[in-house]
Amino acid sequence: MTTRLTVAQALVRFLAAQYTERDGVRQRLISATWGIFGHGNVAGLGQALVEYGDEMPFHQGRNEQSMVHAAVGYARQSNRLSTHAVTTSIGPGATNLVTGAALATVNRLPVLLLPGDIFATRVADPVLQQLEVPYAGDISVNDCLRPVSKYFDRVTRPEALIPAALQAMRVLTDPVETGAVTLALPQDVQAEAHDWPDEFFAERTWVVRRPGADPTELAEAVQAIRTAQRPLVIAGGGVHHSRAEEALAEFASATGIPVASTQAGKGSLRHDHPQDVGGVGHTGTATANELARQADLVIGVGTRYTDFTTASGTLFAADGVRFLNLNIAPYDGHKLAGAPLVADARSGLQELTGALRLHAHRVTGAYVDEYTLDKERWEQRVDACYEADEPDIRPTQPQVLGALDALVDESDVVINAAGSLPGDLHKLWRARSRDQYHLEYGYSCMGYEIPAAIGVKMAAPDRNVWALVGDGTYLMMPTEIVTAVQEGIAIKLLLIQNHGYASIGGLSETVGGERFGTAYRYQSDDGTYTGAPLPVDLAANVASLGMRVLRAKTVRDLRAALEEARAADTPTCVYVETETADTVSGAPPAQAWWDVPVAETATRPSAVKARELYERHVSTRRRHL
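These numbers come from a predicted model, not from an experiment.

Undergrad: It is not clear to me how the pairing of strand E6 (residues 83-88) should be interpreted in this structure. Could you clarify?
TA: Each regular strand shows side chains that alternate between the opposite faces of the sheet. Extensive coverage of E6 is indicated by the burial of 6 of its 6 residues. Pairing analysis gives 5 bridges linking strand E4 (residues 30-35) to E6, with the strands arranged parallel. Paired with Gly35 across the strands is Thr87, a residue of E6. Summarising the sheet, E6 and strand E7 (residues 111-117) pair through 4 bridges and their orientation is parallel. Paired with Ala85 across the bridge in E7 is Leu112.

Undergrad: Help me out: how do you make sense of the packing of aromatic side chains in this one?
TA: A ring pair, where both rings are aromatic, is described by two values, the distance of the centres and the angle of the planes. Using the criterion set out here, one finds 11 aromatic pairs in the structure. Centre to centre, the rings of Phe37 and Phe58 are 5.4 Å apart; their planes meet at 20 degrees, and the pair counts as stacked. Here Phe37 is found in the loop between E4 and helix H2 (42-51), whereas its partner Phe58 is found in strand E5 (residues 58-60), with 21 residues between them in sequence. On the basis of relative accessibility, which here comes to 36%, the residue Phe37 falls in the partly exposed class.

Undergrad: How do you make sense of helix H18 (residues 449-459) when you look at a structure like this?
TA: Note: α-helices contain 3.6 residues per turn, so residues at a spacing of three or four share the same orientation. For H18, a buried count of 9 out of 11 residues is recorded, marking the element as mostly surrounded by other parts of the structure. Those residues of H18 not exposed but buried are Glu449, Ile450, Pro451, Ala452, Ala453, Ile454, Gly455, Val456 and Lys457.

Undergrad: Explain empty space enclosed by the protein to me, please; I cannot follow it from the model alone.
TA: To locate leftover empty space, one rolls a probe as large as a water molecule over the atoms. Here the structure, examined in full by the defined rule, presents 3 cavities of 30 Å³ or more. Put simply, the largest cavity is a space of about 170 Å³. The wall of the largest cavity is formed by 21 residues, among which Lys266, Asp276, Gly278, Glu379 and Trp429 lie closest to the centre. Put simply, the parts of the chain that give the lining of the largest cavity at least two residues each are strand E14 (276-279), helix H15 (365-386) and helix H17 (421-428).

Undergrad: Could you clarify how one ought to interpret the sheet that holds strand E22 (residues 548-552) in this entry?
TA: One key point about sheets: their strands pair by backbone hydrogen bonds, in either a parallel or an antiparallel sense. Judged by pairing direction, the sheet is parallel, and its 6 strands sit side by side in the order E19-E18-E20-E21-E23-E22 without closing on themselves. At either end of the open sheet lies a strand with only one pairing partner, and these are strand E19 (437-439) and E22. Strand-to-strand twist in this sheet, taken as the mean axis angle between neighbours without regard to direction, amounts to 20 degrees. As judged from the 6 bridges shared by strand E21 (residues 492-497) and strand E23 (residues 572-577), these two strands associate in the parallel manner. Considered in E23, the bridge of Ile496 is made with Val576. Relative to E21, helix H16 (residues 397-405) is tilted by about 160 degrees, and along the sheet it contacts strand E18 (413-416), strand E20 (465-470), E21 and E23.

Undergrad: Before we go on, may I ask you to explain the sheet that holds strand E13 (residues 259-261) in this structure?
TA: Here we have 6 strands laid out as an open sheet, ordered E14-E13-E12-E15-E16-E17, and parallel in their pairing. Two strands bound the open sheet, and with one partner strand each, they are E14 and strand E17 (339-342). In this sheet, neighbouring strand axes are inclined to one another by 20 degrees on average, regardless of whether the strands run parallel or antiparallel. Across the sheet, helix H8 (residues 215-227) is in contact with strand E15 (297-301), strand E16 (322-327) and E17; its angle to E17 comes to roughly 125 degrees. Sheet strands touched by helix H14 (residues 345-358): E15, E16 and E17. Its angle to E16, the strand with the most contacts, is close to 125 degrees.

Undergrad: Help me understand the pattern of salt bridges, please; the structure alone is not making it clear to me.
TA: Opposite charge on two side chains allows them to pair when their charged atoms are near. Counted by the stated rule, this structure contains 37 salt bridges. As a salt-bridge pair, Arg210 and Asp23 come within 2.8 Å of each other at their nearest N and O atoms. Taken as a pair, Arg210 in the loop between strand E11 (204-207) and H8 and Asp23 in the loop between strand E2 (18-22) and strand E3 (25-28) lie far apart in primary sequence, 187 residues in all. Assessed through its relative accessible area of 19%, Arg210 is described here as buried. Asp23 gets classed as partly exposed once you look at its relative accessible area, which sits at 46%. With a shortest N-O distance of 2.2 Å, Glu564 and Arg548 are connected by a salt bridge. Of this pair, Glu564 sits in helix H23 (residues 555-567) while Arg548 sits in strand E22, and the two are 16 residues apart along the sequence. Put simply, Arg243, Glu245, Arg434, Asp435 and Arg463 are held in one network by salt bridges that share partners.

What counts, and where the lines are drawn
- Residues numbered from 1 in each chain as written.
- Predicted model: local features only at pLDDT ≥ 70, side-chain atom pairs only at ≥ 80, totals over all residues.
- Heavy atoms only, no water.
- Buried < 20%, exposed > 50% of the residue type's maximum accessible area, 1.4 Å probe, protein only.
- Helix = DSSP H or I, 4+ residues; strand = E, 2+ residues; numbered from the N terminus.
- Pairing = 2+ DSSP bridges.
- Phe/Tyr/Trp six-rings, centres within 6.5 Å; stacked < 30°, edge-to-face > 60°.
- 1 Å grid on protein atoms, 1.4 Å probe; cavity = no way out; pocket = protein on both sides within 12 Å on 5 of 7 lines; lining within 4 Å.
- Points joined across faces, edges and corners; volume = space filled by probe spheres on them.
- Axes fitted to C-alpha atoms, helices over the stretch in contact; angles between N-to-C directions.
- Contact = heavy atoms within 4.5 Å.
- Salt bridge = Lys/Arg side-chain N within 4 Å of Asp/Glu carboxyl O.

Below is the structure:
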């Protein structure tokens, strides 16, 4: 039997019938579609979404990039088992997807992109917004999405949709290969009718596998752990994707091995778990980084070992240090010349725990006492940063975090991606649940926070969801505030005004750039941005987009505003201007290095000094072979 539908109608019906299943739990794979319509998709997918609106919920976006961020936020909160589709027109609508696609693929989070494309038949050529390439007739702007997609296909004939759609679902549900998936849809093909086999629209369940470890690799891993004197676990985002938090807690409790976390892995253990020693790497804690410097075995669980985690190759400094990498992706399992344990994080941890219990293996009491005492010392530093002895003064950024930390419980979700906040959060935040700490630091994309908060709130409607945003990030992408207001999505926006790119300003100073071009100030006579602060009222801007705004001038005001915002059932913003760390104590400085190359030759003293320091750090870098 067949059913005659357009390509777009067939795709919508197909997507509505796709499911995932893991651990016996089944759910929709594509639970909704975001869209901004133009001539490249309005008559195709736009019409199809009207035709089958009862099967496929639709959300109206304001910016194509931010629609992808919302879908990614939803996918992460859904443990990569459910996501959204995003449709755009051709031209700038399609190219605006590129940044969001890169973010999804770097973070290995599934999202389905459905950009319109130029005529497959080329009867109208060139069309509005078409990029003409003289040497190739089959290239369009959508080809920009190829390098940032885990799967890409251009559906130039109706018949081609069936294999393309099935391959797209395969990649979206693959725990190793998932990321952005792009099906480029020429606008004429979208509207073309075809007789589709009814089997194409039957419900399909894609089982997300949990592969166990190879017995030989498992035996070698157990031996490596048993012979290590100072082992350290590095928990990455794969722990969360696998829902392996309980398995990790059991492993850590059974063995006494301390657990440090990457930005993506923070919250793998609660902050008060005895084996949790906080963030690791450039933005990590002194406790975790000192353990990393002295570790003789580093056990990576679901981590990619980015340069922030490894301190650009300078952190793991012990002679003879070895690496054991539990990862579902073989590519990551072999990093740093480590011994791979290729398996699902939960399955692998359970197998390791069981094998080590047979030997009653546990690290020495002296090692446990050492990191426990260091952790207590670090917590005292956190308390000092959060402390606000004078509640009627303007808060520092750490004091802002302290006020929020004192208010939330394990049900709250805190979202951030870029600026100076990731460093403060990784060092200071006390994660109370497995998914409270939502940092997008794989791509560290300014503008992610607000749309991602919308996606997270859609996936977890009963939870308080906070988007923590600096002024620089806010100005990049505030548009989805309108979407939150339109759909009554009660996200909480904590907007921190510090008059510029504070994070990069600080980095610029350390690498000899003298904070050039990083402040939001008027230009001075010498062409630098060192004049008075700009009279920009971001709170008024938020209000103009329809969101309720609570202004806080002091620590006391801030505490009251945060409490009021948390209780609100409508989208609410807390706006606060922070004091600089120059006048009030800020967060502890970086506890490990990060490689940002410094000018090799310069005349300005700041650059010369920065280069000398850079060369000292570079000399400590090593390759682990």
